[in-house]
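Residues per chain, in single letters:
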Amino acid sequence: MTDTATRPAEPAIRPIRFVLNGAEREVAGVSPTTTLLDYLRGPERLTGTKEGCAEGDCGACTVLLCEHDGAGGLTRRSVNACIQFLPAMNGRAIETIEHIGRNGPTPLQTAMVENHASQCGFCTPGFVMQLHAGWLTGALTDRQSVKDAIAGNLCRCTGYGPIIEAGLEIADEPVPDTGAEDAALSARLAQLEGEGVFSYASDGHRWFSPTSVDELADTYAAHPDAVLVAGATDIGLWVTKQYRELPLLIDISHVRDLKVIEEAAGRVYFGAAITHREAREVLAGIHPDLGEMLRRFAGTQIRNAGTLGGNIANGSPIGDLPPCLIALGGRIFLRKGDDLRIVALEDFFIEYGKQDRAMGEFVAAIEVPRLADNQRFFAHKISKRFDSDISAVMAAFCLTFEASGEDVIVAEARLAFGGMAGVPKRAKAAEAKLVGRPFDADAAADAMAAMAEDFSPLTDMRASSEYRLKTAQNLLKRFQLELAGEASGRIAGMGPETLDMAPIGGAS
Amino acid sequence: MDETRIQDRSGAGEPGIAELNERPPGHEARIRGGVATPAAHDSGMKHVTGAARYGDDEPELPGTLQVFIAMSARAHAKIARLDLAAARAAPGVAAVLTAEDIPGENDYSPVFGDDPIFPPLQGECAVVQYVGQPLFAVAAETELQARAAAKLAVVDYEDLPAAISIDAALAHADEAGEDLLPAYEMRLGDAASALEAAPLRASGRVEVGGQDHFYLEGQIATAIPMEDGDVFVRSSTQHPSEVQHNVAKMLGVPDHAVTVELRRMGGGFGGKESQPALFAAVAALVAVKTGRPAKCRLDRDDDMEMTGKRHETRIDYDLGFAEDGTILAADFEHCVRCGYSRDLSAAIADRAMFHADNAYDLKAARIHSRRLKTHTVSNTAFRGFGGPQGMVGIERAMDEIAFLTGVDPLDVRKRNFYPAIGEEPAVTPYHMPVTDCVIAEIVEELEASSDYRARCEAVKAFNAGSTIFKKGLALTPVKFGISFTTTHLNQAGALVHVYKDGSVHLNHGGTEMGQGLFVKVAQVVAEEFQIDLGKVKITATTTAKVPNTSATAASSGSDLNGMAALNAARTIKDRLIAFASERYHVPKEQVVFEANRVRIGNDEKRFSDLVGEAYLARISLSSTGFYATPEIDYDREAASGRPFYYFAYGAACSEVVIDTLTGEYRLLRADILHDVGRSLNPAIDMGQIEGGFVQGMGWLTTEELWWDDKGRLKTHAPSTYKIPTSNDRPDDLRIAIWDKGENRAETVYRSKAVGEPPFMLAISVFSALTDAVCAAGNGRAFPRLDAPATPERVLMAVEDVRSQ
Ligand SMILES: Cc1cc2nc3c(=O)[nH]c(=O)nc-3n(C[C@H](O)[C@H](O)[C@H](O)COP(=O)(O)OP(=O)(O)OC[C@H]3O[C@@H](n4cnc5c(N)ncnc54)[C@H](O)[C@@H]3O)c2cc1C
Ligand code: FES
Ligand code: FES
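Residues numbered from 1 in each chain as written. Chains lettered and ligands numbered in written order. Predicted model: local features only at pLDDT ≥ 70, side-chain atom pairs only at ≥ 80, totals over all residues.

Caption draft 1: Just the interface of chain A and chain B, in detail. Across the contact, 71 residues belong to chain A and 75 residues belong to chain B. Put simply, the parts of the chain that give the side of chain A that touches chain B at least two residues each are helix 2 (97-100), helix 3 (107-114), helix 4 (124-136), helix 5 (143-149), helix 6 (161-171) and helix 18 (465-483) of chain A. Among the elements that take part in the side of chain A that touches chain B, helix 18 of chain A stands out by supplying six residues, more than any other. Across the side of chain A that touches chain B, the residue classes break down as 34 nonpolar, 22 polar and 15 charged. (Contact = placed C-beta atoms within 7 Å. Helix = DSSP H or I, 4+ residues; strand = E, 2+ residues; numbered from the N terminus. Nonpolar A, V, L, I, M, F, W, Y, C, P; charged D, E, K, R; others polar.)

Caption draft 2: Representation of the sheet that holds strand 12 (residues 331-336) of chain A in the model. Residues and elements named next belong to chain A. With antiparallel pairing, the five strands of this open sheet are ordered in space as 10-11-16-12-13. Edge positions in the sheet fall to strand 10 (261-264) and strand 13 (339-344), since each has one partner strand and no second. Each adjacent strand pair in this sheet contributes to an overall mean axis angle of 20°, direction not counted. Inspection of the sheet shows strand 10 paired to strand 11 (residues 267-271) by four bridges, in the antiparallel sense. Opposite Glu-263, over in strand 11, you have Val-268 as the bridge partner. (Pairing = 2+ DSSP bridges. Axes fitted to C-alpha atoms, helices over the stretch in contact; angles between N-to-C directions.)

Caption draft 3: Representation of the sheet that holds strand 24 (residues 622-628) of chain B in the model. Residues and elements named next belong to chain B. With respect to topology, four strands assemble into an open sheet ordered 19-18-17-24, the strand pairing being mixed. Among the strands making up the open sheet, the edge pair consists of strand 19 (536-538) and strand 24. The average undirected angle you get between the axes of adjacent strands in this sheet is 25°. Note: strand 18 (residues 504-508) against strand 19, three bridges, orientation parallel. Pairing of His-505 across the sheet is with Lys-537, part of strand 19. Of the strands in this sheet, strand 17 (491-498), strand 18 and strand 19 are in contact with helix 16 (residues 517-529), which crosses strand 18 at around 135°.

Caption draft 4: How the structure looks around the domain arrangement of chain A. Residues and elements named next belong to chain A. If you check the domain split of chain A, you get domain 1 (15-194), domain 2 (256-369) and domain 3 (375-383 + 392-488). Measuring from the centre of the C-alpha atoms in domain 2 to the corresponding centre in domain 3 gives 22 Å. In this assembly, 20 residues from domain 2 lie in contact with 20 residues from domain 3. Looking at the side of domain 2 that touches domain 3, the elements that each hand over two or more residues are helix 11 (288-296), helix 14 (321-328) and strand 14 (349-351). (Domains from an automatic or database assignment.)

Caption draft 5: The arrangement of the UniProt feature "domain: FAD-binding PCMH-type" (unreviewed entry) in chain A in detail. The residues that UniProt annotates with the feature "domain: FAD-binding PCMH-type" (unreviewed entry) are residues 200-373 of chain A. For residues 200-373 of chain A, the end-to-end C-alpha separation is 51 Å, with 34% helix and 28% strand making up the annotated structure. (UniProt positions renumbered as here; feature names shortened; annotations may be inferred.)

Caption draft 6: Quick peek at the nonpolar core. Within the largest apolar cluster, 416 residues are counted, with the highest numbers of intra-cluster contacts made by Ala-283 and Ala-284 of chain B. The biggest single contributor to this core is helix 9 (residues 276-290) of chain B, with 12 residues. (Core = buried A, V, L, I, M, F, W, Y, C linked by C-beta atoms within 7 Å. Buried ≥ 20, exposed ≤ 12 C-beta atoms within 10 Å, placed from the backbone.)

Caption draft 7: Spotlight on the domain arrangement of chain B. All names here are of chain B. Segmenting chain B into domains produces domain 1 (19-53 + 491-628), domain 2 (65-161 + 213-306) and domain 3 (313-485 + 636-802). Using C-alpha coordinates to define each centre, domain 1 is positioned 39 Å away from domain 2. Listed by partner, the interface residues are 17 residues for domain 1 and 18 residues for domain 2.

Caption draft 8: Fine view of the pairing of strand 9 (residues 248-251) of chain A. Residue and element names in this part refer to chain A. Here three bridges tie strand 7 (residues 205-209) to strand 9, and the two strands are oriented parallel to one another. Bridge pairing links Phe-208 to Ile-250 in strand 9. Sheet topology note: the strand 8 (residues 227-229)/strand 9 ladder contains three bridges and is parallel. If you follow Val-227 over to strand 9, its bridge partner there is Leu-249. Regarding the hand of the β-α-β motif, the stretch spanning strand 8, helix 9 (residues 235-240) and strand 9 is right-handed. (Right-handed = clockwise from strand over helix to strand, strands pointing away.)

Take a look at the structure:
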């Protein structure tokens, strides 16, 4: 324990202040790990929001979250209430299904009924909230965007068609101009959030929400045994699935300094609290495969909450971002107190369950290099289901080429994988087979064979060891074929237009 | 009409007929929401606003206890010791209950008496038989307290040998000389000699996986203790009568002491047929033991670990056929994985056999079925009730016959259809003549509308030029038998009240799980009375209003309850006609119900006015209605008879593309033509068709149940168990209701059941995947592809055909 005398004064404990369906709330006396869903369905008796899984996977609990951006603006996003903790709502506004049709059914609700988009109706409030959020944020542009918007919502009855139709019908409905109200709400939320570190406690369990990175550094230094919570898309499940006690939490989702994206020459810096949704466009700009990966990474609600920092710091061997960033040569900035250090992402993952992160140290930012002209990149996510499924294998390759006499040869190879080992890991033996020679079918075949030395993946409910290895190998082959112009197209994007598609793939 | 005047009991306040008629009736041509109109789901607006209430949404009574059911951690073990002292002493705990607390019978099974609520703690039977089996219950102030207390229990197990897979189950059964349920066989002609004599043979095996229901609303029951020791139970169930009976049996009280009610379920799909009795029984036990209301609500993981699923089935087929693909004889061997207890497995395995022929005249057949015990959760009803599994067998065989003969798979199929209406009917392997067969006509239409032939050529051309991506196309039929194959279940009751203001209260034994049963039955009643649908109030299902009901299952909901409600409404209508005819001195035929009015001779009245008059004349305006399906009669002993009142038909054509490097695939387009007879509600029926198809596709593609070698289900939440999402549905999905559809049987308005049959349209996706894999091997070998055809299975099948 550090000497308490030298610590800055502990922030005063405050009740959780937020806006629920337009009315202010002040809540105290509930555990900090009370989920927003339990709070809504319990004390508030707002039972329109449903629990279908309590793990962020079905969307039945979708609510709309509004937050002020610290500069008078207001942002909106849908989240899974089942894995959001109530204290994180401090200074935010929540709208539930009961609210959105308070003045009579919205065009969306009418369209849902007219299209027969509900059967048992249990999933329906979640779909309505999700499409409502999509409409408000301009995310519904065409059929594909509607489908992507609801890919994190499960319906077991309808087969989705009528829901998609309803979503399409309202896509063109003008979004009412709420500029003035938004500004007022933004100011109100800023006021509710309060100054400095928000501190909450109940039953001896504590919660802090710093709002600046320095406050975060200080708070974490004072409580190095705290658990950091960002989007809670992992940690939420520790509570709802594993029933873990989390007596001390520091929430970084209000730290505005960690919610910036900065572009520099040849690289991009992401604050650790940037969500997957916020990062998607920039990452897609680095390479479309990254955009595609993020399209299929979880569902919209999870991408609206989950952060890049969380995806790295959780140390998961099956996270999707780490292999991609390792292949690109990404680095992370770790901060502890006032000390900052930079670590290559691949070195951060030491072994299963162990990362190069000291007590009280947090991920502050992620540096992602842009591709140089002589680099080629490939990323692909393999999962049982296309959307919202944890990868069996996540492959990301980056090759740097150079001229050598007549030939173009591989100067550097970075083949990174998730799902193949206890950590996101490069295939060093395979890489060695590629370097110094042209990237042709023979080189690919040698590297594919060498992957068996790099990895002995496990068999579990997602995939067998053989399948993991086989697809890891075959994806390298695909990369080679694509670069050679002998293959194109990914199955992910194949829709009806494929019906008339000319044959693709290499000649026999 | 002024209601207060009617209610006024003084003679002076009684309105005269002239006053009742003071406003003339309106003259709509047609009522709103009658039969055959696409009326919206009655709860649609409540669904989209969040106002529709489910089991967990009703306000809790003060003092309600939350119940957690602790589960076995072992697949098969003797319970050596169960020490609950610490659990009992934990904070917030009101009761910890085991088998020893059960006053009546310790069983919640539907038929066979082999599903203990909790395992007995003494003697021979003190065993657990699957991971997830209920051990004991903790009731506490909060769910978290109940869970925390349950963790404090000390359980010592002595492991016993466990069978987790079908292979292990076969080994166990052969060693013990006994299957879970006796094997069953259907025979048509002399299949063995016909097979011998056949010029060509196709034989193989297809393994068909199980499926979790994944109803979005998990299992839940609330029990409220009442006076006299009675219990009121709110249960999310497709079978309130069985829940009532099982709760009463468990408490050792008569059925009349238990009332079960529900307004709606958040999905059922068969998973709430026999399973809910367990949770209702546990909640009722807590309520009776503590005198407090008790809620037993499962979270997703507990639900998936504790409750039964679709039966995994292994099918070995051997077909004899002519060079042109005509089937001459068939032999099927089914190995059905039932789980630890019998549940509904006998009827389910039977239904798999009833559909082993699908739409094809097998001429000579032997279908043999073994029902095996595994130490996993007891499998149960699921949309199609075994039928889909049986059908996959013959459809796989059809694809193989096509492969072996070089005849187009669709031509092979067409060649073998049961004869059409009007032709000499052929009989099924259970000796039922198929007299209503329309499959040839439907397939003919779909073949044209889906442009099957041209697309076959296009697929071939594509495959010739593509090594990495391969396409597959398949058009498969469905013929599905409608009726409970247990004959006595084919009955239903309804209760209709007409209030004196002309509004109608409708109740029947069916349950609403999203399938639109309630609105369909209400449409039938509205049509009968010729009043707008809005005049008919749909009410919660309760055992107090309609007794002894069958499960809402076997697609029979609207057939049975629609008829029962129609009969109830007709009784009241007949009384109104008799009354009007007498009062106004017109023959009965001249009392005619037209849109919201009644024509009596040359006079006209609003429906509500006639009702008001009838009330004043002391005519009963309430009636029950009853219906029993006629003509069905199946002799199980002889494996012969007519188990089905009629068949529902449909067909689907699916086109897929696979990636031969990863096994990933996409369904690109599907065309569906489905027979719903004369639709009671085309919008609801379209919903059932699309929903059934997508759910079936999930079963055959991404929905994989995965147990580890200890018998632990590792896919027990949506994070690991993958049902289809919006992007799995093809953009190009063309669904049509067959416009020539008409039920030859005298069902309600000649409609056909639609709940289950469309599920099997998805077999076309599985066949298309098989076709694509076959193409990946350049047609050299016929692929062995099991279901679910996950990307992994597809890739392995591709590797396999390419290595041959
Ligand atoms: C339904 C669902 C689907 C998902 N699908 C995918 C998927 O397709 N691909 C995938 O990769 N992941 C997936 N995930 C996992 C998860 O969403 C991601 O890992 C996400 O990025 C985690 O971020 P978070 O901000 O929510 O983390 P949190 O849950 O808040 O935290 C996760 C861990 O990281 C730590 N942490 C967070 N931020 C920091 C920081 N700045 N410094 C130090 N430590 C920190 C926390 O202490 C905790 O240990 C899914 C999760 C769900 C629930
Ligand atoms: S309850 Fe399923 S996502 Fe929240
Ligand atoms: S309507 Fe039942 S789950 Fe969507």
